[in-house]
Structure formats: structure tokens, C-alpha cells
Amino acid sequence: MDRYRITKGREFRLADWDPGETKGFDGGKVEARAELAELTSKLDDLQEKLYANGRHRVLVVLQGMDTAGKGGTIRRVFEGVNPSGVRVAAFKAPTEPELAHDFLWRIHPQVPGNGEIVIFDRSHYEDVLIVRVRELVPPKRWKARYRHIRDFERMLADEGTAICKFFLHISKDEQGERLQARLDNPHKHWKFRLSDLEERKRWDDYQEAYEAAIQQTSARQAPWYVVPADHKWYRDLVVCRTLVKTLEALELDYPPSPDDLSDAVVE
């Protein structure tokens, strides 16, 4: 999955990435789901070792346009993983107290502690995305945030956090089909907002904002992965393969008991 890993942002151009490609896998949906089941089992084992070991932390950032599948990715990839060591932090529109502080004030308390995997469903990147597109703060202010984000993520990495940032990349046509499917299904109306249509009109502006964010904040210790997301089965496979590889690189194992168990007997 290194083909989707971006560490040199200056060379990145979003137009070079096909949201519908599936080149990293030879099979189709059925075969991918079978491999995903094996990967989620591996992820469960690795997560248990991470939790038991208590020395490493993993931060997963999920970003993408509306309908890109952040929630679906979480459901599929972390299916069967022990929830005791996994937590989802969803960042919606900031509250009044949050707006009264710097933009990272609400983010820092949610980062993972030792032994934890934390998934950001949206994240601090909203403050260089919607804030930029909607002109909620002056350009000088949001432009400075790229540097703040780089420094913040470097600090997390230096303190022992493994960071994986995923941009779930869908096409405008695919988004249109998914929005229409929500509109056609009364059981999906709770997911639909008229504001989604307004945001869709700003598609090109958001693409520019995402491209700039990836260009400005990709780094070796905090890489972006641009995940083709038109095919949900391929999206999930890319994310899960990447997370398994990331955790395997930590060389995790179960810690020994603090007690001498050589003479222990259960009667």
C-alpha cells in the first residue's frame, strides 16, 4: 500500500490520483472481503498486543468529502476489534467554548494514550478545509495553521504516536450517486442535509483545499495515504492493509507477567 503513501507533499497533485482505481489488488469484491476478514483478525491480535504492551499509541485520521465513507470504513476495518483499546473521536462544528480557544484546543485531549488506537472522524484538518472554503477566518490565519499542524503532529510522533492519515478520495460522480441513494431511501434521510447540496457546489474549492493540506502537511512521521474510495471494498482493504503494516512495524509482543508464575497453581 506504499503506492498511496505521500511523504513529499510538494510533489503531490490530486488530479494525478484516480479515485476509481483498484490496481493494488488482483481480485474483485468477493476476494477483497475475504482478505479483509483475515486482516481484521490480524488487526484484532495486534491491537490486543498494543493494549497489553502499553508503550505505543496509534492515531488514525480519516478525512474525505461527504459520502466518502468515513463511518463505513470504521465499521468494516475495526469490526471485531476489542473496543477497550479503540476509541473514535468525531469532530463536528466547534462549540462556543471551543471557538474561544485555539483550533487545536479541542483536539489535543482526544489523542491516544499508551496502548490506544484513536480514530479521528474528521479532525484538526477541518480548520484548513471548511474554514478555508467558507472563509470563516482570514487567509493569513488559516495559512499559518499548516505550520501549527506540522509541529503538532511532529510532537505527537516524537512522543511515541504512530500517525496514519487517510484521505478517502471519491469522484464527484460517485458522490452524486451516494447522495441520491440517501435521498431515495427514507431510512437514510437522517444522513441527508440540504447543506450537503450547498457543499457539493463548492466541490472544486474543496479539492483545492485538500490538495493544499496534503502538500503542506505530508511528512515521514505523519504521512497521508490517498485512498481510492469509489469502490468501498477497495477503500476498506487499503486502509486495513496499511494499519496492519503500521502495527506490525512496532514489533509488538505480549509483556511478561510482573509476578513469578513458575510455581503458580490454580486449585
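Figured I'd write up the structure that's included with this text. (Residues numbered from 1 in each chain as written. Predicted model: local features only at pLDDT ≥ 70, side-chain atom pairs only at ≥ 80, totals over all residues. Heavy atoms only, no water.)

Within the structure shown, the criterion is met by 16 salt bridges. A salt bridge links K49 to D45; the shortest N-O distance between them is 3.4 Å. Highlighted residues: K49 and D45, both in helix α1 (residues 29–53), separated by four residues, approximately one helical turn. Judged by its relative accessible area of 31%, D45 is partly exposed. (Salt bridge = Lys/Arg side-chain N within 4 Å of Asp/Glu carboxyl O. Helix = DSSP H or I, 4+ residues; strand = E, 2+ residues; numbered from the N terminus. Buried < 20%, exposed > 50% of the residue type's maximum accessible area, 1.4 Å probe, protein only.)

Another point: helix α6 (residues 172–184). In a regular helix each residue adds 1.5 Å, so 13 residues correspond to 18 Å; α6 covers 18 Å between its end C-alpha atoms and thus fits that length. Within α6, the full set of buried residues consists of E174, Q175, R178, L179 and R182. The arc that holds every buried residue of α6, seen down its axis, measures 135°, which confines them to one face. Along α6, exposed side chains directed more than 90 degrees from the buried face belong to D173, E177 and D184. On its buried face, α6 is in contact with α7 (194–200), α8 (203–217) and α9 (232–248). (Expected span 1.5 Å × (residues − 1). Arc of directions from axis to C-beta. Contact = heavy atoms within 4.5 Å.)

A word on the packing of aromatic side chains. Each aromatic ring pair is described using two quantities: the centre-to-centre distance and the angle formed by the ring planes. One pass over the full model with this rule turns up 10 aromatic pairs. Each ring, one from Y4 and one from Y234, has its centre 6.3 Å from the other, and the planes form 80°; the classification is edge-to-face. Taken together, the residues Y4 in the segment before β1 (5–6) and Y234 in helix α9 connect sequence positions 230 residues apart. Residue Y234 is classed as buried on the basis of its relative accessible area, which comes to 1%. Consider the rings of F91 and F120, whose centres lie 4.9 Å apart with planes at 80°: the pair is edge-to-face. In this pair, F91 sits in the loop between β3 (86–90) and α3 (96–99) while F120 sits in strand β4 (residues 117–121), placing the two residues 29 residues apart along the sequence. Owing to a relative accessible area of 8%, F91 belongs among the buried residues under this scheme. (Phe/Tyr/Trp six-rings, centres within 6.5 Å; stacked < 30°, edge-to-face > 60°.)

As for its position among the elements, S218 is in the loop between α8 and β6 (224–228). S218 sits in the buried class, given a relative accessible area of 11%. Not counting the four nearest positions on each side in its chain, S218 is found in contact with I6, T7, K8, G9 and W224.

In this structure, T67 takes a positive phi of about 75° despite not being glycine. Here T67 lies in the loop between β2 (57–64) and α2 (70–77). A positive phi is found at E251, a non-glycine position, where the angle reads about 55°. In this structure, E251 sits in the segment after α9.

Before going further, it helps to spend a moment on a positive patch on the surface. Together, K29, R75, R76, K188 and K232 line one region of the surface with positive charge. Structurally, the position occupied by K232 is in helix α9. According to the relative accessible area criterion, K232 is partly exposed, its value standing at 45%. (Patch = residues over 30% accessible without salt bridge, like charges linked within 9 Å, V, L, I, M, F, W, Y side chains within 5 Å. Areas by Shrake-Rupley, 256 points an atom, 1.4 Å probe, with all protein chains shown as cover. Lys, Arg positive; Asp, Glu negative; His and termini not counted. Charge placed at Lys NZ, Arg CZ, Asp CG, Glu CD.)

Remember, this is a structural readout, not a statement about activity or role.
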